[in-house]
Amino acid sequence: MGNRGMEDLIPLINKLQDAFSSIGQSCNLDLPQIAVVGGQSAGKSSVLENFVGRDFLPRGSGIVTRRPLILQLVNSNAEYAEFLHCKGRKFVDFDEVRLEIEAETDRLTGSNKGISPIPINLRVCSPNVLNLTLIDLPGMTKVAIGDQPHDIEHQIRDMILQFITKESCLILAVTPANSDLANSDALKIAKEVDPQGLRTVGVITKLDLMDEGTDARDILENKLLPLRRGYIGVVNRSQKDIDGKKDIRAALAAERKFFLSHPGYRHIAERMGTSHLQKTLNQQLTNHIRDTLPGLRSKLQSQLLSLEKEVEEYKNYRPDDPSRKTKALLQMVQQFGVDFEKCIEGSGDQVDTSNLSGGAKINRIFHERFPFELVKMEFDEKELRKEISYAIKNIHGVRTGLFTPDLAFEAIVKKQIIKLKEPCLKCIDLVIQELINTVRQCTNKVPLGRVVRNRKAVMCCFACST
Ligand code: GDP
Ligand code: MG
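Per-chain numbering applies: the sequence of each chain, read as written, is numbered from 1 onward. Lettering for chains starts from A, numbering for ligands starts from 1, and both go in the order in which the items are written. Where local features are concerned, this predicted model is filtered to residues with pLDDT of at least 70; where side-chain atom pairs are given and counted, the filter is 80 or more; whole-chain, interface and lining totals use all residues. Side-chain metrics rest on all non-hydrogen atoms present in the structure, leaving aside hydrogens and water.

Per an unreviewed UniProt entry, the protein goes by Interferon-induced GTP-binding protein Mx and derives from Gouania willdenowi. UniProt positions are given in the numbering used here, feature names are shortened, and annotations may be inferred rather than shown by experiment. Regarding the protein, the UniProt comment filed under Subcellular location (unreviewed entry) reads as follows: "Cytoplasm".

Here's what the structure looks like:
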């Protein structure tokens, strides 16, 4: 490795990541990381499994990855995996790792195939891997408008943006070669947050599936849609290979042969393939951490300072002291109220520049989602005209009137207004969800574990009262 002396940087960030994950991410420090994005079935899971040399990720149709998976690859002599949520238990059977990911996903999302932004932390130690941390995110979907799952498409987009908007995040944009590259979900979303292509690494999968006589040479040579970090092509196992239990090692050998023997890629074969991708990402992440470390350190220090100040305030705080109990509780409730109001009303101090606040999200629901739902409503003008004409005629009865009666107007309008009910209810649901998220965020900030543990109760009360 050309990074002597810096091999420890990735493990160092891993430690910070674990620490933040266990305290529920309430320190919003942006750690340098790599997020894997792409459309459904682009080949994201395959790339990650090839790095590890093991089958360990859930597979299937539909949205399989439903919570972010923070995957820490750690180079070590022994081969095993462990989860942060059941620390100490060493998994040596990788089928069990898959089952545990599935169970842990369902634990938060329920088995109704919802998604959740709360990550699962998995560490895989193996002699085959280079130190590397990647975040596997749900694949972007395109669900036909009008279908119920449409909501999920928005949620996934929001979740991906939450990760990749941060300047500290490298983006691994996975695109299958047998699709229209200019329309790649991965490259499009990456471009939204990284328009100059400075922190995006392109990965082109399924090169083996391209139409006879075509190749992806232009893009792999970084001539088409250029990125500063360029593109790396890979060939993963096909579904048939997986069903036939083709060994990953054999697949990697076949991949190497593919690049060496392909007339369009032979000249760049050294810069292609899974193992080159792994090496490149290890180096780029290490360099990236080195560059962001000074800023990170100063942020950590200032956070430490403000925390110490907070600790000072609570130094003489004894929750068991009856004379202080009420006052302390009142203070906490008050603080909670202030925080909540700030999230909803917005505030001048401490403006969050990386995430939308609860209030801003609610604003978006009203001004973007709601009109979108309204536009989506089916509206048949011909039918409406017919209804109006019937209503007018029915109200006139045997007489032929000169004027349009009010009653007809009312009857028609009432019918139209009822149609608004469904989008309104949907909008309310979304707002409630956002309010609950905001309450959760605010309770996260209250420095006393006791209250945080009571959060569930608060949420229940909140849900019941809305
Ligand atoms: P994900 O949804 O992005 O995680 O995609 P997966 O890694 O699960 O891959 C989706 C399907 O495409 C699977 O059936 C894979 O076997 C197949 N696949 C992925 N990459 C390649 C590739 O490079 N070549 C071929 N032939 N099939 C691939
Ligand atoms: Mg996947």
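Let us keep going from here.
A. Representation of the sheet that holds strand β2 (residues 69-75) within the structure. For two strands to count as paired, DSSP must find a minimum of two bridges between them. Only DSSP runs of H or I reaching four residues or more are called helices, and only runs of E reaching two or more are called strands; each is numbered from the N terminus. Read from one edge of the open sheet, eight strands run β3-β4-β2-β5-β1-β6-β7-β8, paired in mixed fashion. Each edge of the open sheet is held by one strand with a lone partner, namely β3 (80-83) and β8 (231-233). On average, each strand axis in the sheet is inclined to that of its neighbour by 25°, with strand direction left out of account. As defined by bridge partners, strand β7 (residues 200-205) adjoins β8 across three bridges and the pair is classed as parallel. Note on β8: the bridge partner recorded for Gly-202 is Tyr-231. To get an axis, fit a line to the C-alpha atoms, keeping to the stretch in contact for a helix; angles then go from 0 to 180 degrees between the N-to-C directions.

B. Main features of the packing of helix α1 (residues 9-22) against helix α9 (residues 274-313). Packing of α1 against α9 brings their axes to within 9 Å, and their N-to-C directions diverge by 55°. As the angle between them shows, α1 and α9 are arranged oblique. α1 and α9 meet at a crossing whose hand is left-handed. The segment α1 lies against α9, with Leu-9, Ile-10, Leu-12, Ile-13, Leu-16 and Phe-20 engaging Asn-282, Leu-285, Thr-286, Ile-289, Arg-290, Leu-293, Leu-296 and Leu-300. Each residue is assigned to one of three groups, with Ala, Val, Leu, Ile, Met, Phe, Trp, Tyr, Cys and Pro labelled nonpolar, Asp, Glu, Lys and Arg labelled charged, and all others, Gly among them, labelled polar. Classifying every residue of the contact of α1 with α9 gives eleven nonpolar, two polar and one charged. Roughly parallel refers to an angle under 35 degrees, roughly antiparallel to one over 145, roughly perpendicular to one between 65 and 115, and oblique to any angle outside these ranges. In a left-handed crossing the near helix is turned counterclockwise from the far helix by less than a right angle, and in a right-handed crossing that turn is clockwise. Any two residues whose heavy atoms approach within 4.5 Å are treated as being in contact.

C. Examining the nonpolar core more closely. In these notes, a set of buried Ala, Val, Leu, Ile, Met, Phe, Trp, Tyr and Cys residues joined through side-chain atoms within 4.5 Å is what counts as a nonpolar core. Here the term buried applies to any residue with accessible area under 20% of the maximum for its type, exposed to any over 50%, and partly exposed to those in between, with areas from a 1.4 Å probe on protein chains only. Of all hydrophobic cores here, the largest spans 44 residues; its most connected members are Leu-122 and Leu-134. For Leu-122, the residues in contact, after removing those within four places along its chain, are Phe-56, Leu-69, Ile-70, Leu-71, Gln-72, Ala-81, Glu-82, Phe-83, Val-97 and Ile-101. In terms of nonpolar packing, the next biggest core, distinct from the first, is built from 40 residues, Ile-115, Met-159, Ile-189 and Ala-190 among them.

D. Looking closely at the pairing of strand β4 (residues 120-126). Taken across its seven residues, β4 has seven buried, putting it largely inside the fold. As paired strands, β2 and β4 are joined by seven bridges and run parallel to one another. Along β4, the bridge assignment pairs Ile-70 with Asn-121. As defined by bridge partners, β3 adjoins β4 across four bridges and the pair is classed as antiparallel. Bridging from a neighbouring strand, Ala-81 pairs with Val-124 of β4.

E. The arrangement of the site of ligand 1 in detail. Close to ligand 1 lie 18 residues; Ser-41, Lys-44, Ser-46, Asp-208 and Gln-239 are nearest. Between an oxygen atom of ligand 1 and a main-chain N or O atom of Ser-41, the distance comes to 2.8 Å. Within the backbone of Gly-43, an N or O atom sits 2.9 Å from an oxygen atom of ligand 1. Contributing elements (two or more residues each) for the shell around ligand 1: α2 (44-52) and α7 (239-243). The greatest single-element share of the shell around ligand 1, amounting to three residues, is contributed by α2. When its residues are assigned to classes, the shell around ligand 1 shows four nonpolar, nine polar and five charged. One heavy atom within 4 Å of a molecule or strand makes the whole residue count as near it. Here a polar contact is recorded for every N or O atom pair within 3.5 Å, except that within protein the pair must consist of a potential hydrogen donor and a potential acceptor, and residues adjacent in sequence are included only if both atoms are side-chain atoms.

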